[in-house]
Protein chains: 6
Amino acid sequence: MRNNRRNDQIRNISFKTGATKYAEGSCLIGFGDTKVLCTASVEDNVPSWMRGTKKGWVHAEYAMLPRATSQRVRRESVVGRQSGRSLEIQRLIGRALRAVVEPTAMGERQVLIDCDVLQADGGTRTAAITGAWVALRLCVDRLLRENVLEDDPLLDHVVAISSGLVNGVALLDLEYSEDSRADADANFIFTGVGNLVEVQASGEGKSFSQQEFLDMMAMARSACEELVALQKEACTQTVCTL
Amino acid sequence: MRNNRRNDQIRNISFKTGATKYAEGSCLIGFGDTKVLCTASVEDNVPSWMRGTKKGWVHAEYAMLPRATSQRVRRESVVGRQSGRSLEIQRLIGRALRAVVEPTAMGERQVLIDCDVLQADGGTRTAAITGAWVALRLCVDRLLRENVLEDDPLLDHVVAISSGLVNGVALLDLEYSEDSRADADANFIFTGVGNLVEVQASGEGKSFSQQEFLDMMAMARSACEELVALQKEACTQTVCTL
Amino acid sequence: MRNNRRNDQIRNISFKTGATKYAEGSCLIGFGDTKVLCTASVEDNVPSWMRGTKKGWVHAEYAMLPRATSQRVRRESVVGRQSGRSLEIQRLIGRALRAVVEPTAMGERQVLIDCDVLQADGGTRTAAITGAWVALRLCVDRLLRENVLEDDPLLDHVVAISSGLVNGVALLDLEYSEDSRADADANFIFTGVGNLVEVQASGEGKSFSQQEFLDMMAMARSACEELVALQKEACTQTVCTL
Amino acid sequence: MRNNRRNDQIRNISFKTGATKYAEGSCLIGFGDTKVLCTASVEDNVPSWMRGTKKGWVHAEYAMLPRATSQRVRRESVVGRQSGRSLEIQRLIGRALRAVVEPTAMGERQVLIDCDVLQADGGTRTAAITGAWVALRLCVDRLLRENVLEDDPLLDHVVAISSGLVNGVALLDLEYSEDSRADADANFIFTGVGNLVEVQASGEGKSFSQQEFLDMMAMARSACEELVALQKEACTQTVCTL
Amino acid sequence: MRNNRRNDQIRNISFKTGATKYAEGSCLIGFGDTKVLCTASVEDNVPSWMRGTKKGWVHAEYAMLPRATSQRVRRESVVGRQSGRSLEIQRLIGRALRAVVEPTAMGERQVLIDCDVLQADGGTRTAAITGAWVALRLCVDRLLRENVLEDDPLLDHVVAISSGLVNGVALLDLEYSEDSRADADANFIFTGVGNLVEVQASGEGKSFSQQEFLDMMAMARSACEELVALQKEACTQTVCTL
Amino acid sequence: MRNNRRNDQIRNISFKTGATKYAEGSCLIGFGDTKVLCTASVEDNVPSWMRGTKKGWVHAEYAMLPRATSQRVRRESVVGRQSGRSLEIQRLIGRALRAVVEPTAMGERQVLIDCDVLQADGGTRTAAITGAWVALRLCVDRLLRENVLEDDPLLDHVVAISSGLVNGVALLDLEYSEDSRADADANFIFTGVGNLVEVQASGEGKSFSQQEFLDMMAMARSACEELVALQKEACTQTVCTL
């Protein structure tokens with residue numbers, strides 16, 4: 001039996017919207033003890049290969065503070081480059097958000113999403129995506145209020161949740177102590193209407209059956225509605241601070 | 001209708017085993033016009049965090065030659081780092097192979113898998129994984145023959161195939177002209193007994209339904225047996241050269 | 001007249017000790033809207049040039065989140081190196097703390113101080129130093145409690161405050177809107193007994209007289225006692241979270 | 001006595017023209033077991049210092065696959081930079097080709113030559129140059145056929161061959177086992193009319209006499225006609241694949 | 001008692017103006033055995049963030065030759081980046097010079113100051129600043145003579161000197177053997193009229209009293225007039241060479 | 001007719017031995033206006049691949065100060081890497097010196113040769129080699145005097161000189177104004193007994209005949225005795241300074 005949770009139960013989810021003063025949208029999200037600060041910044045430019053297309057772009061970056069984890073890891077700027085893991089996660093965040101953005105409605109500008117993990121207890125990428133969507137939503141709301149944008153380019157919610165196989169049992173929203181002994185690990189990203197945006201599943205030195213995979217996906221699918229409801233509620237909260 | 005193939009048909013698959021003279025195992029694999037040179041090199045050391053564990057390791061690296069593609073891309077060593085895409089793919093290849101390797105049977109040594117794409121027409125990561133397994137198999141066979149290893153650490157086959165949604169239709173083993181207009185793109189990695197090792201599915205600016213996902217997975221699952229049979233045949237062929 | 005403050009008045013100072021779950025010592029410090037997360041991590045090793053000396057070391061690193069500021073700045077890990085400004089500040093933080101540490105009492109281990117600016121409204125380096133001392137104090141207290149250390153190596157407090165010349169008038173603890181139009185800018189670091197640890201003063205495209213410099217120093221000197229009292233109070237507070 | 005060759009005899013030379021599908025010109029050249037894939041790519045730009053000069057440029061890059069050699073070497077993109085050896089060789093290749101190119105006839109465009117060593121058994125730089133010329137010739141032929149170019153900018157052949165002193169005896173076209181015990185090592189690059197384009201000779205921990213140098217040069221000079229004839233033949237062959 | 005000097009006495013100061021043939025201004029300055037080659041180079045561009053402002057810029061770079069010191073240090077270009085110390089010093093040199101430059105009188109161009117330490121015996125940053133001013137003065141004189149500039153943008157002298165506390169005694173212009181055992185170390189930068197441009201003081205593992213600091217500043221202030229007189233004399237000397 | 005020199009005449013050659021205070025051997029060499037500071041530093045270690053071989057090593061590094069040339073070039077440590085040209089030259093310097101060093105007589109230590117070009121007017125690599133040999137000779141003499149070495153590992157002189165073809169005429173020891181319009185450029189490195197150590201000849205966008213090459217080599221050969229005599233004289237001079 002896990003730590004006071006049912007196998008298909010997500011951790012306590014918290015949103016502090018408006019967490020930072022300068023960003024056009026921001027949210028400090030908590031999935032249990034995992035805390036990720038997500039900000040959305042607007043820039044009046046796009047990557048060079050998009051210039052002149054009249055389309056917008058959403059770019060994401062992901063990093064962990066050196067002591068977000070149980071053991072301190074070396075700062076990426078000191079090492080001189082982002083790790084493969086960080087690059088993989090930030091590419092995932094960007095793709096997930098772009099799946100629900102209509103680029104022509106954004107105009108030729110980009111929103112830069114920064115997801116900085118302040119504390120990591122498993123599920124940082126799913127927390128980052130779920131929080132990044134809120135930061136993006138608040139940012140777009142502001143651009144709509146200020147008439148920078150005419151039409152809403154953000155077409156639907158995006159939420160993400162992990163699941164895994166521990167001792168042959170599927171568990172939802174793994175915390176670190178569970179994740180570190182899982183035989184397989186999966187991340188599912190859904191839209192508000194329940195479509196998939198991204199699926200990632202990996203055996204950790206083992207393989208897994210299609211049925212085990214489907215069990216994990218079903219569990220994730222149910223949690224998605226809950227996360228969407230929480231995002232909706234968070235976006236109507238008044239602004240708070242760090 | 002696609003280019004002379006049924007929707008659930010893989011391209012012509014070719015293996016040139018023993019393609020290079022020095023590597024302990026090697027294979028030039030072709031998935032249609034996609035050509036990947038896979039080599040397996042043995043080193044009597046392991047990453048520093050594994051020292052003293054009496055376990056072995058499999059590490060993979062992936063790169064494309066600058067003009068493997070229709071448009072030349074900048075050489076990564078000139079840029080000064082591997083791209084996020086390359087890092088993501090080589091992490092995937094390594095994880096996939098390690099899922100069928102028994103580390104204690106390897107002893108404290110590592111096998112370095114190099115997957116260099118000589119020509120890219122879609123599906124380079126699935127070709128790389130399927131070919132890398134052959135290079136690893138040949139390498140392990142040699143270590144067994146030379147009595148460096150006592151027990152076979154390679155427990156099963158690993159094969160990979162892509163599928164995608166193009167105009168709402170699921171297609172197997174996409175070539176570049178199909179991949180570039182797909183709405184979703186998935187890669188499935190299976191073992192010889194039909195278990196999953198890794199699943200990756202992404203919407204390309206769109207979401208997709210669970211049913212569409214399951215259709216893609218079913219198609220990939222059927223192709224897996226064919227690929228396993230081809231790997232078996234390739235491993236018994238006589239040695240050839242570039 | 002400045003924003004509701006006397007010229008020689010510091011901003012509202014806040015400390016959230018125990019802000020993170022894993023670090024041996026931590027503190028989220030606020031100097032007004034400037035917020036810096038400071039953590040202290042213990043490692044059982046020292047830089048290579050110190051091995052065998054039976055002495056300890058304190059190393060500091062400093063960074064700003066990309067959107068800590070009014071305009072987003074590029075992430076240093078993406079650029080591939082720390083900026084000159086970051087390196088300069090982290091060298092300053094490290095030197096300041098080492099001035100009150102007895103290295104032989106630490107044994108051959110090091111404490112790594114990470115100062116990550118979550119929000120920047122001027123005075124990030126002085127906030128970082130003042131908060132880093134609290135994180136270090138809490139960390140050392142823990143090592144003493146756990147009998148890892150026998151004698152307290154942290155000999156005194158360290159606090160820091162900025163001052164500057166704006167339109168010929170000396171102001172204490174500049175916020176960004178003041179700092180950006182200052183003619184000179186100074187940072188003073190004091191110990192608990194009122195000694196100096198570090199002085200930095202720079203004209204911003206201008207020179208300044210010795211008298212103006214002495215005025216700034218006097219103002220900083222008075223604020224020091226207040227900061228020391230606040231540090232003392234913070235170290236006795238109960239643990240809280242982000 | 002060497003391995004079934006006279007001292008002044010080159011190894012078996014093979015050309016696979018049209019080896020890759022996308023490049024404007026390509027050639028997989030073999031000097032015995034040394035195999036180098038050479039491609040020529042056209043870009044409608046020139047280095048910034050040449051803009052507006054109405055002249056073209058030929059740039060070359062050289063790399064070895066990690067397991068091209070008997071011992072695997074670290075991948076340059078993982079190390080984060082090209083080795084001094086690679087840079088030196090690619091500068092040599094570029095200079096050699098530019099010696100027979102009329103830049104004004106190229107127009108303001110550049111041809112990028114990529115020489116990737118798939119297998120290395122000595123003489124990789126001479127094989128690369130000899131193969132690169134074929135790739136460039138095929139590329140230019142195509143641009144002439146497509147009327148992109150009016151006049152042929154490629155004025156003559158370029159061929160290269162190594163020679164060395166082993167136990168006081170001059171040998172032509174050293175393979176690795178000879179090269180590794182040579183007292184001196186030389187590379188000669190000639191045009192089709194027998195002029196020199198580049199000479200490089202180095203003592204390997206020893207000096208050598210002018211007469212020994214002249215012996216090596218004479219031997220190389222004779223081989224040049226043979227190589228030019230082989231290039232001519234290769235350029236008329238039908239297209240093949242990897 | 002120190003090495004043949006009073007405590008408040010600077011070392012023998014030497015200037016070789018016109019030390020290099022190409023630079024618009026140059027000076028090989030000696031503070032005792034510390035030798036720094038300072039050159040000023042004019043470029044008709046400014047950093048991108050200044051374009052269109054009609055203002056000029058002064059940028060400085062600082063480096064030490066690998067064997068400038070008693071123990072050879074690794075070459076920064078081999079390491080792949082400038083050290084934190086080098087970056088800190090070159091930022092200091094640039095700020096110091098800009099404090100006496102009227103940017104609008106320079107027009108939209110920049111002067112690049114290179115300070116390369118050929119031999120280091122303490123006080124390299126103060127020697128560099130004092131010599132860099134001479135190189136800049138000579139450079140500006142030349143631009144005025146050639147009518148590139150109409151009005152003199154260099155408003156005053158800039159000189160720098162170090163002082164430190166050794167065994168509780170304040171010493172001026174420390175040489176390496178003194179610096180390495182100092183308890184505190186300070187650098188003062190003054191203008192010709194005796195204003196401050198920059199103050200830096202650091203305890204070396206210790207704190208120091210305000211009075212000790214004031215003693216060091218007083219000593220530095222007196223030396224400043226001497227240095228200004230020497231700069232004036234140097235600028236009227238005839239041109240010499242390395 | 002060239003600038004007051006016969007075609008086969010070298011420029012005024014100057015040696016300032018003992019130019020720096022710390023290096024075990026040093027020499028500021030001038031070939032006309034080309035000035036290179038060469039230092040030799042002894043370290044009690046060897047590259048990792050040589051450990052345990054009881055042999056020594058000579059490693060060379062080469063760089064130009066940013067304003068050594070007519071136009072300032074970017075500092076390599078700011079760019080983040082050494083240029084291909086610098087790497088090529090320093091590899092050449094190292095090979096040339098190692099050709100006359102008996103590694104077993106050095107014991108397991110290395111000499112690091114730093115060649116820093118203070119002013120560049122053509123022929124920097126030949127000046128560097130000729131000066132580096134003097135620095136190495138002085139360094140070895142010191143190690144012999146101090147009984148660190150028993151037997152002299154430096155077996156012969158090494159000198160280097162350039163020649164080139166300008167308007168079809170062979171010229172010796174090109175200065176920059178000649179080099180920049182040469183059709184071919186060659187560097188010859190000889191030992192004291194007149195053997196070759198290294199030959200490098202390149203056409204500059206052109207080819208050249210074997211006879212032209214032999215003319216350049218003959219000219220270089222004659223100059224070699226003169227340079228050897230000058231080296232001998234320099235090594236007996238008393239120590240001077242920068």
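As a further point, take the overall build of chain A. Of the regular secondary structure elements, chain A holds 6 helices and 9 strands. Projected onto the principal axes, the alpha-carbon positions of chain A cover approximately 55 × 40 × 35 Å. Among the 242 residues that make up chain A, the fraction classed as buried is 62%. Across chain A, every contact between residues at least 6 apart in sequence was considered, and the portion connecting residues at least 24 apart equals 68%. Of the roughly 9,100 Å² that chain A leaves accessible, carbon and sulfur atoms contribute 46%. When the 28 basic and 32 acidic side-chain charges of chain A are each reduced to a single mean position, those positions are 5 Å apart.

Another aspect to go through is the arrangement of the chains. Considering only C-alpha positions, the minimal separation of the non-contacting chain C and chain D is 11 Å. Over all C-alpha pairs, chain B and chain E never come within contact, reaching a minimum spacing of 11 Å.

Each partner contributes to the interface: chain F provides 39 residues, whereas chain E provides 39 residues. At the junction of chain F with chain E, the criterion picks out 22 residue pairs in polar contact (both at pLDDT 80 or more). Taken together, the elements giving at least two residues each to the side of chain F that touches chain E come down to strand 3 (34–43), strand 4 (57–64), helix 1 (76–79) and strand 5 (110–119) of chain F. Class assignment for the residues of the side of chain F that touches chain E results in 15 nonpolar, 9 polar and 15 charged.

A few words on the nonpolar core. Within the largest apolar cluster, 445 residues are counted, with the highest numbers of intra-cluster contacts made by A:Phe213, B:Phe213, C:Phe213, D:Phe213, E:Phe213 and F:Phe213. Setting aside residues up to four positions removed in sequence, B:Phe213 forms contacts with A:Leu196, A:Val199, A:Phe213, A:Met217, B:Phe188, B:Val199, B:Ala201 and B:Phe208.

What follows concerns the relation of the copies chain A and chain C. Structural alignment of chain A on chain C gives an RMSD of 0.0 Å, achieved by rotating through 180 degrees and translating 0.0 Å along the axis. The symmetry that links the two subunits is that of a two-fold axis. Closest to the rotation axis within chain A is the C-alpha of A:Ser77, separated from it by 2.0 Å. Looking at chain A, 100% of its interface residues are interface residues in chain C too, so the copies touch through the same face.

Let us look at the sheet that holds strand 6 (residues 158–166) of chain D. Ordered in space as 7(D)-6(D)-8(D)-9(D)-9(F)-8(F)-6(F)-7(F), the 8 strands form an open sheet in which the pairing is antiparallel. The open sheet is flanked by strand 7 (169–172) of chain D together with strand 7 (169–172) of chain F, the only strands paired with a single partner. Between one strand axis and the next, the sheet turns through 15 degrees on average, direction left out of account. Relative to strand 8 (residues 184–191) of chain F, strand 6 (residues 158–166) of chain F runs antiparallel, the two sharing 8 bridges. Bridging across to strand 8 of chain F, F:Ile161 finds its partner in F:Phe188. Against the sheet, helix 2 (residues 84–98) of chain F touches strand 9 (196–203) of chain D together with strand 6, strand 8 and strand 9 (196–203) of chain F, its axis set at about 150 degrees to strand 9 of chain F. Contacts from helix 4 (residues 124–145) of chain F reach strand 6, strand 8 and strand 9 of chain F within the one sheet, and its direction differs from that of strand 6 of chain F by about 165 degrees.

A positive phi angle is found at C:Lys54, which is not glycine, with a value near 60 degrees. Along the chain, C:Lys54 falls in the loop between strand 3 (34–43) and strand 4 (57–64).

Cut-offs applied
- Residues numbered from 1 in each chain as written.
- Chains lettered and ligands numbered in written order.
- Predicted model: local features only at pLDDT ≥ 70, side-chain atom pairs only at ≥ 80, totals over all residues.
- Heavy atoms only, no water.
- Helix = DSSP H or I, 4+ residues; strand = E, 2+ residues; numbered from the N terminus.
- Buried < 20%, exposed > 50% of the residue type's maximum accessible area, 1.4 Å probe, protein only.
- Contact = heavy atoms within 4.5 Å.
- Areas by Shrake-Rupley, 256 points an atom, 1.4 Å probe, with all protein chains shown as cover.
- Lys, Arg positive; Asp, Glu negative; His and termini not counted.
- Charge placed at Lys NZ, Arg CZ, Asp CG, Glu CD.
- Polar contact = N/O pair within 3.5 Å; in protein donor to acceptor, adjacent residues only side chain to side chain.
- Nonpolar A, V, L, I, M, F, W, Y, C, P; charged D, E, K, R; others polar.
- Core = buried A, V, L, I, M, F, W, Y, C linked by side-chain atoms within 4.5 Å.
- Least-squares fit on C-alpha atoms with pLDDT ≥ 70 in both.
- Pairing = 2+ DSSP bridges.
- Axes fitted to C-alpha atoms, helices over the stretch in contact; angles between N-to-C directions.

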